[in-house]
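Examining the three-dimensional arrangement
Each chain, letter by letter, is given below.
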Amino acid sequence: MSQQELITEFGIDTTEAPSGYIPVLKSSLDHDSGNLCRQCDWRPMCQEWQDEYSQDSRYRCMPWARHDGMSVAFVRQDAHP
């Protein structure tokens, strides 16, 4: 199943992703590689002290903080088929 099919089937809200990134289900990531956050392309930004992430809840990855209730990571749109 493609990521777009997952987004459609599971109702992932793509408007809750930073510009140029798409949300992917954390359950679709490689769980053998350790911390799933390391597979998120947005991670450097969310770790910065004064960035949009700390000021704007639209870019949250935790299910309890997202309107769609999904646990996601963000990948660069141009790097994902």
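Quantities reported herein were computed from a predicted structural model and do not represent experimental measurements.

A few words now on the overall build of the chain. Across its full length, the chain holds three helices and two strands. Along the chain direction, N to C, the helices and strands of the chain fall in the order α-β-α-α-β. Counting across all 81 residues of the chain, residues that qualify as buried make up 36%. Summarising the internal contacts of the chain: among those between residues at least 6 apart in sequence, 52% fall at separations of at least 24. If you sum the accessible surface of the chain, you get close to 5,300 Å²; carbon and sulfur atoms cover 50% of it.

So, on to the nonpolar core. Counting residues in each nonpolar core, the largest one holds 17 residues, and the members touching the most others are Trp 42, Val 72 and Phe 74. Secondary structure elements with two or more residues in this core: β1 (21-25) and β2 (72-76).

Looking now at the packing of aromatic side chains. Taken as a whole and judged by the stated rule, the model has one aromatic pair. Each ring, one from Tyr 21 and one from Trp 42, has its centre 5.1 Å from the other, and the planes form 75°; the classification is edge-to-face. Pair noted here: Tyr 21 is in strand β1 and Trp 42 is in the loop between β1 and α2 (43-46), with a separation of 21 residues, a long-range link.

With five of five residues buried, β1 is to be regarded as a mostly interior element. Alternating residues of β1 divide into Tyr 21, Pro 23 and Leu 25 and Ile 22 and Val 24, and every residue in both groups is buried. Relative to β2, β1 is paired through five bridges, and the arrangement is antiparallel. Opposite Val 24, over in β2, you have Ala 73 as the bridge partner.

Let us now look at the environment of Val 75. By the secondary structure assignment, Val 75 is in strand β2. In this structure the C-alpha to C-alpha distance between Val 75 and Gln 39, which are 36 residues apart in sequence, comes to 8.1 Å.

With that out of the way, let us pick up the side chain of Asp 68. Note on placement: Asp 68 falls in the loop between α3 (52-55) and β2. Assessed through its relative accessible area of 18%, Asp 68 is described here as buried. Here Asp 13 takes part through its backbone nitrogen, which lies 2.6 Å from a polar atom of the side chain of Asp 68. Within the structure, Asp 68 has its side chain in polar contact with the side chain of Arg 66 (distance 2.7 Å).

What counts, and where the lines are drawn
- Residues numbered from 1 in each chain as written.
- Predicted model: local features only at pLDDT ≥ 70, side-chain atom pairs only at ≥ 80, totals over all residues.
- Heavy atoms only, no water.
- Helix = DSSP H or I, 4+ residues; strand = E, 2+ residues; numbered from the N terminus.
- Buried < 20%, exposed > 50% of the residue type's maximum accessible area, 1.4 Å probe, protein only.
- Contact = heavy atoms within 4.5 Å.
- Areas by Shrake-Rupley, 256 points an atom, 1.4 Å probe, with all protein chains shown as cover.
- Core = buried A, V, L, I, M, F, W, Y, C linked by side-chain atoms within 4.5 Å.
- Phe/Tyr/Trp six-rings, centres within 6.5 Å; stacked < 30°, edge-to-face > 60°.
- Pairing = 2+ DSSP bridges.
- Polar contact = N/O pair within 3.5 Å; in protein donor to acceptor, adjacent residues only side chain to side chain.

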